[in-house]
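Chain by chain, the residues:
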Amino acid sequence: MDLLIQNGTLLDPSQHLQGVRDIGVNQGKIVGLFPPGTIPSASAKERIDATSCWVTPGLIDLHVHVFEHRTSLGIRADRIGVAQGVATVVDAGSTGSRDFSSFLTEVVEGNHTQVLLWINIASQGLCDGLSELADLSQLKLEETEARIRQYPLIRGIKARISRSVVKESGLKPLHLAKELARKMKLPLMVHIGNGPPQLGEILDLLDEGDVVTHAFHGKPGEILDRNGELIPEANRALQRGVRLDVGHGSSSFSFRTLKRAKELHIPFHSISSDLYRQNFDGPVFSLVTTMNKFLALGFSLEEVVEASTRMPAKILGLADEIGTLKEQTVADLTILQMISRPLPLLDSENEKLVGNPQLNALYTIRSGKVWKHDG
């Protein structure tokens, strides 16, 4: 074997698996999960002792911005990917059809982290600023469709439907995005924020499998009404199978909203960071830090890992390929240590929680290649 990971406690929600196992990796694939000590250490070219560590499927960050040289937000994918315990990142609309070729060569081919894409419904994406849906002439739907048909790394369509983005365009760009998403049989990820359009109007247009990102922001127009109850349009959307994504970001994650959502048993389907250049040094820092905020709020480790592995893989239509430790799948793994050390955690409203214990990424394995972290 190329790699043998020994004595780690596996946590794989895709297989309802938790327990101490050794993992064998060869030619970039998982070749087996074995009782500890079954495979001699000498049989592997490389060995990792994961005693007292959690071994999970490679973490998946469903919402980032990594078009480093073409947008004001872009950060290098490897900096927030394999360098931080994350095997796969999904850029959320930094590029549309116009600059897709540059995104492919500079980002997808220029990083070790697997980079997938929500393609922006606006052809210019975020390359010309952050009001990309104010001018509907920039929606080149035939070009976008052609890109989707040619490149399977495009896993869905992104539409940012908030006041500063759409200006006077209202719901029209969302209607156009939905038409294309239905035609291509892809999910739509919708960014929400300050209205208009109003959140209820947006939610009523979404289908099963579509994703609302920034779902737990604390700004006006959130999923909770003035009495702290779930708005009816959100309840209907959840009943239809619409997914709620975290999308932390600089201004889109509220401990208050999450606490109330937890009391109401409102689900979160995926934990994502919305990492970009301006929030890398706080309040977001990393996907693992975002996961720690959920642990500090009282969610279980199993819930947090599932929302960072199995569920994003399912949303992307890749549940049989990533987000799992099943034999013969790509060897994407994350090795995490639970450390007992009280550390402050901030949301986007500058509210503080103290997390203890917290996860710390020790290793990222991407397609069988190992990155060791300083911690």
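An unreviewed UniProt entry annotates the protein as Amidohydrolase/deacetylase family metallohydrolase originating from Kroppenstedtia sanguinis.

### Some words on the sheet that holds strand β11 (residues 211-213)
In spatial order, the strands read β6-β7-β8-β9-β10-β11-β12; together these 7 strands make up an open sheet with parallel pairing. Of all strands in the sheet, those with a lone pairing partner are β6 (59-64) and β12 (243-244), marking the two edges. As defined by bridge partners, strand β10 (residues 188-191) adjoins β11 across 3 bridges and the pair is classed as parallel. By the bridge assignment for β11, Val 190 is matched with Val 212. Sheet contacts for helix α2 (residues 100-108): β7 (86-92), β8 (114-120) and β9 (154-160); angle to β8, the most-contacted strand, approximately 160°.

### Quick look at the pairing of β8
Burial runs high along β8: 6 of the 7 residues are buried. In the sheet, β7 pairs with β8 via 5 bridges, with the strands oriented parallel. The residue bridging Val 90 from the neighbouring strand is Leu 116, located in β8. Tracing the backbone out of β7, into α2 and back to the parallel element β8 gives a crossover that is right-handed. By the bridge criterion, 4 bridges tie β8 to β9 in an arrangement that is parallel. Opposite Asn 120, over in β9, you have Lys 158 as the bridge partner. Handedness of the β8-helix α3 (residues 141-150)-β9 crossover: right-handed.

### As for the environment of Leu 3
With respect to the helices and strands, the residue Leu 3 is situated in strand β1 (residues 3-12). The exposure class of Leu 3 is buried, given its relative accessible area of 1%. Separated by 43 residues in sequence, Leu 3 and Glu 46 have C-alpha atoms that sit 4.7 Å apart.

### Details of helix α5 (residues 172-184)
Along its 13 residues, α5 runs 19 Å from first to last C-alpha, staying within 8% of the 18 Å computed at 1.5 Å per residue. Taken together, the buried positions of α5 are occupied by Pro 173, Leu 174, Leu 176, Ala 177, Lys 178, Leu 180, Ala 181 and Met 184. Buried residues along α5 sit against α3, β9, α4 (163-166), β10 and α6 (199-203). Lys 185 lies just past α5 and shows a positive phi near 55°.

### Quick word on the layout of surface pockets
Rolled over the atoms, a probe as big as a water molecule pinpoints where empty space is left. If you add up the space inside the largest pocket, you get close to 480 Å³. Lining the largest pocket we find 22 residues, and of these Phe 285, Ser 286, Val 288, Thr 289 and Asn 360 sit closest to its centre. Going through the elements one at a time, α9 (287-296), β14 (343-346) and β16 (358-366) are the ones with two or more residues in the lining of the largest pocket. By residue class, the composition of the lining of the largest pocket is 12 nonpolar, 9 polar and 1 charged.

### Quick notes on the UniProt feature "domain: Amidohydrolase-related" (unreviewed entry) in the protein
Summarizing the sequence annotation, UniProt attributes the feature "domain: Amidohydrolase-related" (unreviewed entry) to residues 54-370 in the numbering used throughout. Along residues 54-370 one finds 27% helix and 21% strand; the C-alpha atoms at either end are 16 Å apart.

### Focus on α2
Phe 100, Ser 102, Phe 103, Leu 104, Val 107 and Val 108 are the residues of α2 that are buried. Where α2 is buried, its residues touch β7, β8, α3 and β9.

### Comments concerning the packing of aromatic side chains
Counted by the stated rule, this structure contains 7 aromatic pairs. Between the aromatic rings of Phe 268 and Phe 294, the centroid separation amounts to 4.7 Å while the plane-to-plane angle is 50°, which identifies the pairing as tilted. Placement of the pair is Phe 268 in the loop between α8 (255-263) and α9 and Phe 294 in helix α9, with a sequence separation of 26 residues. Considered together, Phe 268 and Phe 294 belong to a single accessibility category, that of buried residues. With centroids separated by 4.9 Å and ring planes inclined at 85°, the aromatic side chains of Phe 268 and Phe 299 adopt a geometry described as edge-to-face.

### Overview of the nonpolar core
General note: in soluble globular proteins, nonpolar side chains tend to be found buried as a group. Residues Val 66, Trp 118, Leu 153, Leu 188, Phe 216, Ile 271 and Phe 294 are the most contacted members of the largest nonpolar core, which totals 100 residues. Counting residues per element, this core draws most heavily on α5, which supplies 6 residues. Not counting residues within four places of it along the chain, the set of residues in contact with Leu 188 comprises Trp 118, Ile 157, Lys 158, Ala 159, Leu 174, Ala 177, Lys 178, Ala 181, Leu 206, Asp 210 and Val 211. Residues Leu 10, Leu 17, Ile 30 and Ile 335 belong to the second largest nonpolar core, which totals 18 residues.

### Re empty space enclosed by the protein
Enumeration according to the criterion identifies 2 cavities of 30 Å³ or more in this entry. In this structure, the largest cavity spans a volume of roughly 60 Å³. Around the largest cavity, the lining residues are Ile 161, Ile 192, Gly 193, Asn 194, Gly 195, Pro 197, Gln 198, Leu 199, Ile 202, His 217 and Gly 221. Of the residues belonging to the lining of the largest cavity, the class tally is 5 nonpolar, 6 polar and no charged.

What counts, and where the lines are drawn
Residues numbered from 1 in each chain as written. Predicted model: local features only at pLDDT ≥ 70, side-chain atom pairs only at ≥ 80, totals over all residues. Heavy atoms only, no water. Pairing = 2+ DSSP bridges. Helix = DSSP H or I, 4+ residues; strand = E, 2+ residues; numbered from the N terminus. Contact = heavy atoms within 4.5 Å. Axes fitted to C-alpha atoms, helices over the stretch in contact; angles between N-to-C directions. Buried < 20%, exposed > 50% of the residue type's maximum accessible area, 1.4 Å probe, protein only. Right-handed = clockwise from strand over helix to strand, strands pointing away. Expected span 1.5 Å × (residues − 1). 1 Å grid on protein atoms, 1.4 Å probe; cavity = no way out; pocket = protein on both sides within 12 Å on 5 of 7 lines; lining within 4 Å. Points joined across faces, edges and corners; volume = space filled by probe spheres on them. Nonpolar A, V, L, I, M, F, W, Y, C, P; charged D, E, K, R; others polar. UniProt positions renumbered as here; feature names shortened; annotations may be inferred. Phe/Tyr/Trp six-rings, centres within 6.5 Å; stacked < 30°, edge-to-face > 60°. Core = buried A, V, L, I, M, F, W, Y, C linked by side-chain atoms within 4.5 Å.

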